[in-house]
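Structural features, examined
Here is what each chain is made of, one letter per residue.
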Amino acid sequence: TLLIEQVRVSSSDIRPDRLYGVSTGGEMDAIHVEWLSVSGFGSNRSTAFELELAGMGAIRGNFLWNPVESLISFNPLNLATAGGDITGEGCLWLRAPLGLSLDLEADVLDLDAIRASLPRFAGGEGGGVPDGLAIRLNANALQSGGTIARGVEFRLGTPRDCQGP
């Protein structure tokens, strides 16, 4: 069932430190959404989207909303950042326990450029990995501070099955 043919939202702020299930250990700068565009949204239907984040880059791809499982699956997922391009897939669980699981690939990533584009934390010790967050990133090369690491696999958190229970 098609629910929305096309929607575009411009100029909005997201406060990650105030979202349900996210503990950042202190205040965090807002993430400014330049625009979000969604085309052909409906339940159990592949939907194209584009999200442009000020100073951070863009996320483009398709998602599938499964209302029975309260699950949004992303495939493909393409992230264009100042530090390089990242591709992959993943899912967002919208019921308890809330969670985001991403399986990503990159050729070369500049971690210094990515770090410089991320929102700043103010105060707090940081809370480690937020509950429900799982990321696997394979990169041919990671660059940071003049050092290059090749053939890197990075894992954070425990991944959830994006196919449902």
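In what follows, the structure referred to is the one given above.
To continue, consider unusual backbone geometry. Most peptide bonds take the trans form, and the phi angle of most residues other than glycine is negative. The amide bond that connects N75 to the next residue, P76, takes the cis arrangement and shows omega of 0°. The residue P76 is located in strand β6 (residues 71-81) in this model. You will see that N44, though not glycine, has its phi angle at about 55°, which is positive. Within the element layout of this structure, N44 appears in the loop between β3 (31-42) and β4 (46-53). With phi around 50°, S70 is a residue other than glycine that occupies positive phi space. Mapping S70 onto the fold places it in the loop between β5 (57-66) and β6.

What follows deals with the layout of surface pockets. Approximately 400 Å³ is the volume found for the second largest pocket. The set of elements that each furnish at least two residues to the lining of the second largest pocket consists of β5, β6, β7 (84-93), β8 (99-110), β10 (133-144) and β11 (147-156). Top element by residues in the lining of the second largest pocket is β6. It accounts for four residues. Residues that form the lining of the second largest pocket fall into these classes: nine nonpolar, seven polar and six charged.

Here we take up the nonpolar core. A general trend in soluble globular proteins is that nonpolar side chains are found buried together. By size, the foremost hydrophobic cluster in this structure holds 18 residues, and its most contacted members are F63, L77, I86, L104 and L109. For this core, the secondary-structure elements that each account for two or more residues are β3, β5, β6, β8 and β10. Contacts of L109, omitting those with residues within four sequence positions, involve G83, G84, D85, I86, I114, L137, A141, L142 and Q143.

Another point: the state of the cysteines. In the structure shown here, the tally under the stated rule is one disulfide. Note on cysteine connectivity: C91 is disulfide-linked to C162, with sulfurs 2.1 Å apart. Disulfide C91-C162: torsion about the S-S bond near -75°, hence left-handed. Taken together, the positions of C91 in strand β7 and C162 in the segment after β11 put the pair 71 residues apart, joining distant regions of the chain. The burial state of C91 is the same as that of C162; both residues are buried.

Conventions we followed
Residue indices follow the written sequence of each chain, beginning from 1 at its first position. Reporting in this predicted model follows two pLDDT cut-offs: at least 70 for local features of residues, and 80 or more for side-chain atom pairs to be given and counted; totals over whole chains, interfaces and linings ignore these cut-offs and use all residues. Neither water nor hydrogens contribute to the side-chain values; these are computed over all heavy atoms in the structure. Numbering of helices and strands runs from the N terminus; a helix is a DSSP stretch of H or I covering at least four residues, while a strand is a stretch of E covering at least two. Definitions used throughout: a 1 Å grid over protein atoms alone; a cavity as a set of points that fits a 1.4 Å probe which cannot get out; a pocket as an open set with protein on both sides within 12 Å along at least five of seven lines; a lining residue as one with an atom within 4 Å of a point. Grid points are joined across faces, edges and corners, and a volume is the space filled by probe spheres set on the points. The nonpolar class holds Ala, Val, Leu, Ile, Met, Phe, Trp, Tyr, Cys and Pro. Asp, Glu, Lys and Arg form the charged class, and all remaining residues, Gly among them, are polar. Joining through side-chain atoms within 4.5 Å is the link that ties buried Ala, Val, Leu, Ile, Met, Phe, Trp, Tyr and Cys residues into a set, and such a set is a nonpolar core. For the exposure calls, accessible area comes from a 1.4 Å probe over protein chains only, and a residue counts as buried if that area is under 20% of its type's maximum, exposed if over 50%, partly exposed in between. Whether two residues touch is decided by their heavy atoms; if any such pair falls within 4.5 Å, the residues are in contact. Working definition: a disulfide is two cysteine sulfur atoms within 2.5 Å of each other.

That is the geometry; function is a separate question.
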